[in-house]
Amino acid sequence: MIPSFRTFAFTLAATATLATLSPSAGAATLEFTGWKAGYETVTITSPVSSTVHAGEFAIKWNSETTSAFCIEITQNITNPGTFSGYTQSTLAAPLVEQFGRLYETHYASVGSDSLRGAAFQIAIWNLLNPSFAATGGSAAIALGQQWADDARNASLPTGNWQFFALTHGQYQDQLIASRVPVPATALLLGAGLLGIAALRRRDGLAG
C-alpha cells in the first residue's frame, strides 16, 4: 500500500506535467495481481515526504494480463487488490515523447530486476515532476534520475510506443505502454525500396 500525497497532485496540476487527458467512454475494473519483479522501498523527500514502494505492477485490465507503472502517488492502492471504476485515457505530447524515449532506451533492461524496475518507476515520477527527489532504494534512485535525464534528451529515439493512462478519482492512476508493431505494408514497402536500391547499385556496377 502506498500512502496518500495530496500535495504531489497539486504540484502536477500546477505545472501541467500530465498534459491533456482525453477520457474514453465507460469504466472498468483494474486488478493488481502483485509485482512483476519485486520493488524497492524509497523515501520521497520532494515535493512531499513519505515512504513508498517503487516497482512495476502486474495487472489485469479488460481481462488482459499486462503491467503498469504508477503516475499519481497522491492516493492509495492495495497490491494485490481489485478496484472498479477505472477509465482509460490518452496522454498528449510532450510527455508521450519523453515516455517514448524512456521506454525505447531503457525498458528492455528492466526484465525481472527489482532494482531496475524501481529505477524505471522513479524515472517516471521524475518526468512527471522535475522537483522529485528521494532517498534509499539502493542504487535505484540514481539510476532512475539518469534514465529520466536520458528521456529528456530530444536526440534519442522515441520508438513506436503507445501509451494510455488508467485514471480514477480515488485510487492511483496508472501508465500502460505497448509497442506498436510496424504495419506489414510498411515492411513490404521498405523491402521494395531496398530491392530497388540494390538493383540500381548492381546496374551501376555493371555499367
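Located above this text is the structure these notes cover.
Residues numbered from 1 in each chain as written. Predicted model: local features only at pLDDT ≥ 70, side-chain atom pairs only at ≥ 80, totals over all residues. Heavy atoms only, no water.

A.B. asks: Quick rundown of the packing of helix H2 (residues 95-106) against helix H4 (residues 140-151)? Include the residues and the values.
C.D. replies: At a minimum axis distance of 8 Å, the contact between H2 and H4 shows a crossing angle of 120°. By the criterion of interaxial angle, the relationship of H2 to H4 is oblique. Between H2 and H4 the crossing geometry is right-handed. From H2, Gln98, Arg101, Leu102 and His106 reach across to H4, where they touch Trp147, Asp150 and Ala151. (Axes fitted to C-alpha atoms, helices over the stretch in contact; angles between N-to-C directions. Helix = DSSP H or I, 4+ residues; strand = E, 2+ residues; numbered from the N terminus. Parallel < 35°, antiparallel > 145°, perpendicular 65-115°, else oblique. Left-handed = near helix turned anticlockwise from the far one by under 90°. Contact = heavy atoms within 4.5 Å.)

A.B. asks: Quick one: what's the story with unusual backbone geometry, residue by residue and with numbers?
C.D. replies: The omega torsion of the bond from Ser46 to Pro47 falls at 5°, within 30 degrees of zero and hence cis. Secondary-structure assignment places Pro47 in the loop between strand E2 (28-46) and strand E3 (50-61). Omega for the bond connecting Asn79 with Pro80 falls within 30 degrees of zero, at 5°, which places this linkage in the cis form. A positive phi angle, close to 55°, is found at Asn62, a residue other than glycine.

A.B. asks: Lay out the environment of Ala142 in plain terms, naming residues and giving numbers.
C.D. replies: As for its position among the elements, Ala142 is in helix H4. By relative accessible area, which is 55% here, Ala142 ends up exposed. (Buried < 20%, exposed > 50% of the residue type's maximum accessible area, 1.4 Å probe, protein only.)

A.B. asks: I'd like a description of the side chain of Arg101, backed by residues and values.
C.D. replies: Tracing the backbone shows Arg101 in helix H2. Among buried Asp, Glu, Lys and Arg side chains, Arg101 stands out as unpaired, with Glu97 the closest opposite charge at 4.5 Å. Within polar-contact distance, the side chain of Arg101 engages the backbone oxygen of Asn153 at 3.2 Å. Once residues within four sequence positions are removed from consideration, Arg101 is found in contact with Ala151, Arg152, Asn153, Ala154, Leu156, Pro157 and Thr158. (Lys, Arg positive; Asp, Glu negative; His and termini not counted. Salt bridge = Lys/Arg side-chain N within 4 Å of Asp/Glu carboxyl O. Polar contact = N/O pair within 3.5 Å; in protein donor to acceptor, adjacent residues only side chain to side chain.)

A.B. asks: Describe in detail the side chain of Asn126, supporting the description with residues and values.
C.D. replies: As for its position among the elements, Asn126 is in helix H3 (residues 114-128). On the basis of relative accessibility, which here comes to 2%, the residue Asn126 falls in the buried class. Discounting residues that sit within four places of it in the chain, Asn126 has contacts with Phe132, Gln145, Ala148 and Arg152.

A.B. asks: Describe the pattern of salt bridges, and please don't skip the residues or the numbers.
C.D. replies: Under the defined criterion, the tally for this structure stands at 3 salt bridges. Between Glu104 and Arg179 there is a salt bridge, and its shortest N-O distance comes to 3.1 Å. Here Glu104 is found in helix H2, whereas its partner Arg179 is found in strand E8 (residues 174-179), with 75 residues between them in sequence. Using a relative accessible area of 29% as the deciding quantity, one classes Glu104 as partly exposed.

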